[in-house]
Amino acid sequence: MSEELDGKVAIVTGGASGLGAGLVRRFVAEGARVVIGDVEAERGAELAAELGGKAVFLRSDVTDVEQISALVDTAVHTFGGLHVMVNNAGVSGTMHRRFLDDDLADFDAVMRINVRAVMAGTRDAARHMAEHGGGSIINLTSIGGIQAGGGVQTYRASKAAVIQFTKSVAIELAHHEIRVNAIAPGNIRTAIVAKSASAEDRQRLDEFEEKIRAQMRADRPLKREGTVDDVAEAALYFATDRSRYVTGTVLPIDGGTVAGKVLARKENS
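Where an unreviewed UniProt entry is consulted, the chain appears under the name Oxidoreductase, short chain dehydrogenase/reductase, with the organism given as Mycolicibacterium cosmeticum.

A. The arrangement of the packing of aromatic side chains in detail. Under the counting rule described, the total for this entry stands at 1 aromatic pair. Measuring from centroid to centroid gives 5.4 Å for Tyr237 and Phe238, while their planes differ by 50 degrees, and the two rings are tilted. With a relative accessible area of 27%, Tyr237 lands in the partly exposed category. For Phe238, a relative accessible area of 1% corresponds to the buried category.

B. Quick peek at helix H5 (residues 153-173). The end-to-end C-alpha distance of H5, which contains 21 residues, comes to 30 Å, matching closely the 30 Å that a straight helix rising 1.5 Å per residue would cover. Within H5, the full set of buried residues consists of Thr154, Tyr155, Ser158, Lys159, Val162, Ile163, Phe165, Thr166, Val169, Ala170 and Leu173.

C. Layout of a nonpolar patch on the surface. Judged by side-chain polarity, Phe99, Leu104 and Phe107 come together as a nonpolar surface patch covering roughly 290 Å² of accessible area. Here Leu104 falls in the partly exposed class, since its relative accessible area comes to 42%.

D. Here's a closer look at the side chain of Asp38. By the secondary structure assignment, Asp38 is in strand S2 (residues 33-38). Buried and unpaired, Asp38 has no salt bridge, with Arg43 as the nearest side chain of opposite charge at 7.7 Å. Polar side-chain contacts of Asp38 include one of 3.0 Å to the backbone nitrogen of Ala16. Polar side-chain contacts of Asp38 include one of 3.0 Å to the backbone nitrogen of Glu40.

So, how was this worked out
Residues numbered from 1 in each chain as written. Predicted model: local features only at pLDDT ≥ 70, side-chain atom pairs only at ≥ 80, totals over all residues. Heavy atoms only, no water. Phe/Tyr/Trp six-rings, centres within 6.5 Å; stacked < 30°, edge-to-face > 60°. Buried < 20%, exposed > 50% of the residue type's maximum accessible area, 1.4 Å probe, protein only. Helix = DSSP H or I, 4+ residues; strand = E, 2+ residues; numbered from the N terminus. Expected span 1.5 Å × (residues − 1). Patch = residues over 30% accessible without salt bridge, like charges linked within 9 Å, V, L, I, M, F, W, Y side chains within 5 Å. Areas by Shrake-Rupley, 256 points an atom, 1.4 Å probe, with all protein chains shown as cover. Salt bridge = Lys/Arg side-chain N within 4 Å of Asp/Glu carboxyl O. Lys, Arg positive; Asp, Glu negative; His and termini not counted. Polar contact = N/O pair within 3.5 Å; in protein donor to acceptor, adjacent residues only side chain to side chain.

Written out as structure tokens, the structure reads:
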């Protein structure tokens, strides 16, 4: 590793598992000290212990904006500052077969986590960064916020909101030398697909997930499947000075999925 984040302090919400844990590990490997925020206390504590003194875990529920503020306070008091904020925590919501069957029961919960928490995390990190020379804020959205489709409509709406918020706040915060960018993962194998299953689908979860994954593969121009490391590489770019002239952007990490539909592939003869 090149230690591109040597001397930097970062926060990763939802950092105990999945994409978040991948980002935490990559940041630490590059020299950063990281505050891990998550509701999964056992996993978060284990990850911090694995990484030694370069990471600390603070149990935090991002539906409570005061707990998001506490993450910033912890970064400053424990490591002496804050240079990178990653608003990664997110939920999918239940996938309904038809929108007409959607009771919108999970609307408030999805919006609190996927939108309000991102806004609060951006605001609280920026308040510190504005007084200390700037920094980088990275918001996790999804290709579901870029590309229209069926299924988890509340999730798609929330991720589209993150994109518009990211671009808008980037304009305002540029005055303080704060860069705000978004990463839009797609077709990355994490638990989020399984968590979107309805009660009916959950009874045959393996079949449900494989059906969704097969559709993702069919829609993806690049043959290989994306990994958590691919997302971590993008986050590292936005966190470092390599992106010092980049703000208000949305970077899909999706194997080309949002670029367009795949034409029928011909097998090599």
